[in-house]
Amino acid sequence: MRSARPALAAVLLSALALSGAQPEPPAPPAGWVKETVAAVDKKLDAEIADLVALYQHLHANPELSFQEVNTAKRMAAEAKKAGFEVTENVGGGVVAVLKNGPGPVVLIRTDMDALPIVEQTGLPYASKVKTKNRDGVEVGVMHACGHDIHMTSWVGTARVLASMKDKWSGTLVLIAQPAEEIIAGAKKMLEAGLYTKFPKPDFALALHADPLFPAGTLAYSEGLALANSDTIDILVKGKGGHGAAPHLTIDPVVIAARIILDLQTIVSRETDPFDPVVVTVGSIHGGTKHNIIPNEVKLQLTVRTTKTETRDRVLKAIDRIAKAAALAANAPPPEVKVSLEEYTPATYNDVPLSRRCGALFRESQGADAVRLRKPVMGAEDFGRFSEGKTPIFMYFIGTISQEKYDAAQKPGAAPLPGMHTDAYAPVPEPSVRTGTRTMSLAALDLLRKGK
Ligand SMILES: [Zn+2]
Ligand SMILES: [Zn+2]
């Protein structure tokens with residue numbers, strides 16, 4: 001941004017920084033949003049049947065993290081067809097660039113991976129895919145996190161923006177990243193040169209499907225949006241033997257049980273109640289039979305925090321508690337491994353960018369359809385694309401029908417199927433419409449001519 005009085009502008013900016021206040025986002029001229037939404041919707045009307053077919057294809061053909069071979073090929077083909085210059089296999093992902101004159105660089109990200117879940121929606125386009133996971137175990141595969149909605153909206157946005165090149169100036173970088181579910185894909189793409197071999201973004205945008213509110217509505221957070229996430233494996237060691245002679249063994253099942261309960265005291269006894277922390281043991285495996293005490297038990301944990309110092313303290317506490325339980329049982333020390341690959345830092349939405357997009361969405365979707373919400377302890381590796389400097393914004397789009405939503409609000413009604421559940425069934429057309437429309441609008445505003 002240029003100013004006729006740079007010295008004064010600098011003083012004002014530093015005063016704002018000191019006070020913690022954020023500069024006001026530049027508002028689009030009167031009538032711009034209405035006019036732009038009408039143009040976007042016109043293109044969307046022409047594309048929506050094809051986009052819904054694409055969604056159903058993606059939904060029926062899901063692939064697990066770092067196995068997104070056919071999905072990546074399809075995303076590359078779609079971006080090429082829309083007129084983008086496409087590079088495949090950038091850290092397992094796709095980079096599609098559309099240069100359209102001077103102006104900012106806007107990155108739009110979709111993720112591509114699905115989850116090891118056997119789909120139970122009963123939809124005609126439900127996934128029947130089975131595959132082997134990284135441990136060689138056969139699993140069902142399902143888009144239970146809505147990444148198929150993200151991809152279809154990404155393709156929709158590519159088509160809309162390519163068809164409206166006279167309305168914007170700058171560079172679009174659309175990326176389809178692998179392995180979001182194991183929070184590893186963003187890092188892989190950055191390490192493969194996303195920000196050095198391609199135009200570095202001035203802004204980065206992403207959306208996420210939400211299974212708990214109706215299609216057409218949106219939610220977002222300003223500042224902290226999603227938590228730090230750590231993945232930890234604990235190998236509890238003992239000394240196996242006959243189940244009827246426990247005194248001749250060191251029972252790792254009992255040690256593991258003690259560790260699981262003691263870990264909860266990190267949250268309840270060691271952490272300030274106003275500092276959110278989650279410690280979840282999501283998997284426990286040990287033993288083969290009722291009457292055999294095994295040699296070892298494996299625990300798999302996910303840990304969520306929002307501050308770096310809290311994260312450091314919680315990780316140390318987990319190590320300490322696991323070792324203390326082994327010591328108390330006279331067992332060898334357990335192996336506590338914090339995964340470097342499956343870590344992602346918290347996602348902080350840039351405040352001015354969030355406000356700018358939030359205002360646009362209120363104008364396009366209606367003020368009641370857009371909610372400012374508290375951060376959640378979910379995690380996303382989208383936060384990595386900020387690299388500490390690039391302003392980023394991720395928002396959530398509702399994906400269920402109004403009827404389903406209303407029915408679930410009645411007293412005694414069954415709760416809606418959540419994210420990562422086998423019954424999550426987004427309504428394709430309104431979800432894809434909302435995703436494409438809002439993402440196109442946000443990008444068109446950031447790349448607006450004659451600001
Ligand atoms: Zn997910
Ligand atoms: Zn997701």
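Conventions and cut-offs
- Residues numbered from 1 in each chain as written.
- Chains lettered and ligands numbered in written order.
- Predicted model: local features only at pLDDT ≥ 70, side-chain atom pairs only at ≥ 80, totals over all residues.
- Pairing = 2+ DSSP bridges.
- Helix = DSSP H or I, 4+ residues; strand = E, 2+ residues; numbered from the N terminus.
- Axes fitted to C-alpha atoms, helices over the stretch in contact; angles between N-to-C directions.
- Contact = placed C-beta atoms within 7 Å.
- Domains from an automatic or database assignment.
- Nonpolar A, V, L, I, M, F, W, Y, C, P; charged D, E, K, R; others polar.

J.: Got a minute to help me understand the sheet that holds strand β2 (residues 93-100) in this structure?
T.: For sheets, the rule is that strands pair by backbone hydrogen bonds, running either parallel or antiparallel. Reading across from one edge, β1-β2-β6-β3-β7-β18-β8-β17 is the order of the 8 strands in this open sheet, with mixed pairing throughout. Each end of this open sheet is capped by a strand with a single partner; those strands are β1 (85-90) and β17 (370-372). Taken pair by pair, the neighbouring strands of this sheet meet at an average axis angle of 25°, ignoring direction. Of the pairings in the sheet, the one linking strand β7 (residues 203-214) to strand β18 (residues 392-400) comprises 8 bridges and is parallel in character. For H208, the partnering residue across the bridge sits in β18 and is F396. Helix-sheet contacts for helix α4 (residues 147-163) involve β2, β3 (105-111), β6 (170-177), β7 and β18, and the interaxial angle to β3 is about 150°. Against the sheet, helix α8 (residues 351-365) touches β7, β8 (218-220), β17 and β18, its axis set at about 150° to β17.

J.: How should I be thinking about the sheet that holds strand β14 (residues 296-305) in this particular structure?
T.: One open sheet accounts for 4 strands, arranged β12-β14-β10-β15; its pairing is antiparallel. Two strands bound the open sheet, and with one partner strand each, they are β12 (278-286) and β15 (335-338). Strand-to-strand twist across the sheet, computed as the mean angle between neighbouring axes with direction ignored, equals 20°. Where strand β10 (residues 228-237) lies against β15, 4 bridges are found, and the strand directions are antiparallel. By the bridge assignment for β15, L235 is matched with E335. Here helix α6 (residues 252-270) sits on the sheet in contact with β10, β12 and β14, set at roughly 175° to β12. Sitting on the sheet, helix α7 (residues 308-328) is in contact with β10, β14 and β15, with an inclination near 10° to β10.

J.: Would you mind going over the domain arrangement of the protein with me for this structure?
T.: How big an interface is tends to be reported as the loss of accessible area on association of its parts. The assigned domain composition of the protein is domain 1 (23-227 + 346-446) and domain 2 (228-338). Distance from the C-alpha centre of domain 1 to the C-alpha centre of domain 2: 36 Å. Each side of the interface is counted separately: domain 1 has 6 residues, and domain 2 has 7 residues. Residues belonging to the side of domain 1 that touches domain 2 are distributed by class as follows: 6 nonpolar, no polar and no charged.

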